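# Descriptive structure summary
Letter by letter, the chains look like this.
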There are 2 protein chains.
Amino acid sequence: MHTRDECVAADRADVLAPLKQQFELPPGVLYLDGNSLGAKPRAADACAAAVVAQQWGQDLIRSWNTAGWFDLPVRLGAKLAPLLGVAGQEVVVTDSTSLNLFKVLAAALRTQAGRKVIVSERDNFPTDLYMIEGMMDFLDQGYALRLIDDQLSLADALTDDVAVVVLSHVNYRSGAMYDMAAVSAQAHACGALVIWDLAHAAGAVPLALSADGADFAVGCTYKYLNGGPGAPAFLWVAPRHQNTFWQPLSGWWSHKRPFAMLDRYEPAEGVRRYLCGTQPITSLALVECGLDIAAQADMADVRRKSLALSDLFIALVRQRCADHPLALITPEAHARRGSHVSFRHPEGYAVIQALIARGVIGDYREPEVLRFGLTPLYVGYADVWDAVEVLRDVLDTRAWDQPQFRQRAAVT
Amino acid sequence: MHTRDECVAADRADVLAPLKQQFELPPGVLYLDGNSLGAKPRAADACAAAVVAQQWGQDLIRSWNTAGWFDLPVRLGAKLAPLLGVAGQEVVVTDSTSLNLFKVLAAALRTQAGRKVIVSERDNFPTDLYMIEGMMDFLDQGYALRLIDDQLSLADALTDDVAVVVLSHVNYRSGAMYDMAAVSAQAHACGALVIWDLAHAAGAVPLALSADGADFAVGCTYKYLNGGPGAPAFLWVAPRHQNTFWQPLSGWWSHKRPFAMLDRYEPAEGVRRYLCGTQPITSLALVECGLDIAAQADMADVRRKSLALSDLFIALVRQRCADHPLALITPEAHARRGSHVSFRHPEGYAVIQALIARGVIGDYREPEVLRFGLTPLYVGYADVWDAVEVLRDVLDTRAWDQPQFRQRAAVT
């Protein structure tokens, strides 16, 4: 596409375009940060009001049964399952991604007696590394964390003392994507299990966890799944591990008979054993609004549009911002790219702030990285065109070169 | 009080009575289950709408800074602090009670090298025992759980190999309350630390964690603090333990420099180190509505009214339901009673269902226990009178003796 008119025409032909109407986006904003916090489904207001006014306010404690609060983590998991390429009764929505990683890592290590190495990558989302460190330190049983520096190093890292490999399917910073089937096969060949963090993948790229041989997966519902700020995360376990799954965060909601008030723990059969304590019902219920929109889209269409949007974005930036020191850090090969595009720029932080001030919302990640989420459910081709024009203008006019754009906010 | 008119007069003289107007309670309901799910503050609807419509829908990712999402766990902790008798920068609102117990137990055990016994009570809220079991099993370092059967056995259980004592300040079933200062002194004398679960105490009874020598505390915001269904819990650490506090659930939100994206974990200074992963913002924000009402009440008034309500309830049940096999299991001594009252009845489950059908909402706990929460912020003396009259009628007419009242719901 070489003109804005061509982009408008592409939007008109886009089978996903009607779904944008189901989101509410602020006027005057081009929102390219759905990879950090997904936009709000219009249905969310009524959903929140129903939970607060009716379920809490009027039905009170009875809502555990009448509004199905107790089944919510499992019911939402079943709605999410198709997006992960798994069956309905294999996944739950609960807790945070960090906590769910702790659970599946504990479960994985337990079945890998004698293997003392955990492989991950230096560039993984930091909280994943922190949770691994926390567990190793806590166990004090001689575990070691082996960090690879790039995907190619994985083969060398997979020695026969590796218990588990913990990787993000799509990298939070660069948008680089792993070949899940290939990595699973590689890890299994050396006797290791694989845990996938799908925070930047679920809802963004087609997933086939079962077919691709994954062992465990965790991920986020508030990015491409549009579940709301800090919405509870998800946890999936391959059926072959379900009956041996054991986790130390063994709270009441995972008990076989949670209302018998027994003094000994016994895990529930099936997916309920992945739960822990009481869930934040209002935030949890809101997840359904995002899942209901995702269910209306064919993931093949989402992927096709995602790649087209990011191809367009990369091409336009190259063409329109050629005089500026922007370095693409996202892989260009489709098979290796998620749904966001990142560039380095020496003044990355200030550039992002200047863009936000003009209504183009991307975000910044250390070091020097401008990150743009291209969410096919509510971002169109003309949006990409317009965003690049604003970027070009901000760079050409050095609009970013203002003290207020250099001043770091508490949260970047 | 011997007549309903006397109860009405007592309500008229009640300094806390005006606070009831800040809650919305369904018409025709006497809600005696605030010990399970607190009633909805009227302000909650607008709060939820503001978070969903404005902060999420309009301000999107910017709300991390502009709406103070990042500071929310600490800011709410500071609002909660006076109710716990602690300083503002000592407590956070985050995660679930079960998870927070895991954190403080890990921290406590770490400083108690060589001590391998954890003391709790058989009658503790089961999830607390399950979390302890989960941790012991995970660590596999020879820890043992020693369960006492009653408060008097604590002295015998406190041998010099006890690392930590984990107790509920107010028992979830019986409403029996521990003397926190005495237990702390007893435990410290043998070198043990004490973790208090305040789920049924916070907002219900005056607390002075610091003055009473507590080491760690966790608890719930959705019961007497009226924070909303499944609202995030709290975690307090005595200042003397703050700098050595270490927990294995070391997610990004507890990192010293969470946005530097470092690959090594380093805990934040101060209370932020008690956090883990991303919090459910909508549910978390709602906690403030309940705390804002609690801040308007003097806890001495709350306690005085709570005891008067439960004295009245016990006296009326004895008088009006004398012919029925109701056995009080709540201590009568004020110093040993929390803010709910429980009776055993051989048909307890059916009796509670029949009461609920008549609009008197209490709840049932195994075995055979009818539990009635008397929440001074929105329950009055005439409410207690009316509830006992319904109980009397249900028992006198055997209204509970219907198949539909015996049929167990999924959640009891």
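The rules we used
- Residues numbered from 1 in each chain as written.
- Chains lettered and ligands numbered in written order.
- Predicted model: local features only at pLDDT ≥ 70, side-chain atom pairs only at ≥ 80, totals over all residues.
- Heavy atoms only, no water.
- Core = buried A, V, L, I, M, F, W, Y, C linked by side-chain atoms within 4.5 Å.
- Buried < 20%, exposed > 50% of the residue type's maximum accessible area, 1.4 Å probe, protein only.
- Contact = heavy atoms within 4.5 Å.
- Pairing = 2+ DSSP bridges.
- Helix = DSSP H or I, 4+ residues; strand = E, 2+ residues; numbered from the N terminus.
- Axes fitted to C-alpha atoms, helices over the stretch in contact; angles between N-to-C directions.
- Salt bridge = Lys/Arg side-chain N within 4 Å of Asp/Glu carboxyl O.
- UniProt positions renumbered as here; feature names shortened; annotations may be inferred.
- Polar contact = N/O pair within 3.5 Å; in protein donor to acceptor, adjacent residues only side chain to side chain.

Before going further, it helps to spend a moment on the nonpolar core. A:Leu198 and B:Leu198 are the most contacted members of the largest nonpolar core, which totals 315 residues. Setting aside residues up to four positions removed in sequence, B:Leu198 forms contacts with B:Leu84, B:His169, B:Met180, B:Leu207, B:Leu209, B:Ala217, B:Val218, B:Gly219 and B:Phe234.

What follows deals with the sheet that holds strand S8 (residues 193-197) of chain B. For sheets, the rule is that strands pair by backbone hydrogen bonds, running either parallel or antiparallel. Residues and elements named next belong to chain B. If you trace the seven strands from one edge of the open sheet to the other, you get S4-S10-S9-S8-S7-S5-S6, paired in mixed fashion. The open sheet has two free edges, formed respectively by strand S4 (91-93) and strand S6 (144-148), since each of these has just one partner strand. Adjacent strand axes in the sheet meet at a mean angle of 15°, parallel and antiparallel pairs treated alike. Looking at chain direction, strand S5 (residues 117-121) and strand S7 (residues 162-168) are connected through three bridges and run parallel. When the bridges of S7 are listed, valine 117 appears paired with valine 162.

Here the focus is the pattern of salt bridges. All names here are of chain A. Summed over all chains, the structure comprises 62 salt bridges over all chains. For arginine 75, the salt bridge is made with glutamate 288, and the minimal N-O distance between the two is 2.7 Å. Here arginine 75 is found in helix H4 (residues 72-84), whereas its partner glutamate 288 is found in helix H10 (residues 281-294), with 213 residues between them in sequence. Look at arginine 75 and you get partly exposed, because its relative accessible area is 37%. A salt bridge links aspartate 149 to arginine 122, with the shortest nitrogen-to-oxygen separation between them at 2.8 Å. Taken together, the positions of aspartate 149 in the loop between strand S6 (144-148) and helix H7 (154-157) and arginine 122 in the loop between strand S5 (117-121) and helix H6 (126-139) put the pair 27 residues apart, joining distant regions of the chain. A relative accessible area of 40% means that arginine 122 is categorised as partly exposed.

Another point: the UniProt feature "modified residue: N6-(pyridoxal phosphate)lysine" (unreviewed entry) in chain A. All names here are of chain A. Annotation from UniProt places "modified residue: N6-(pyridoxal phosphate)lysine" (unreviewed entry) at Lys223. In this structure lysine 223 touches Gly34, Asn35, Ser36, Gly38, Ala199 and His200, once residues within four positions along its chain are discounted. A polar atom in the side chain of lysine 223 sits 3.3 Å from the backbone oxygen of asparagine 35.

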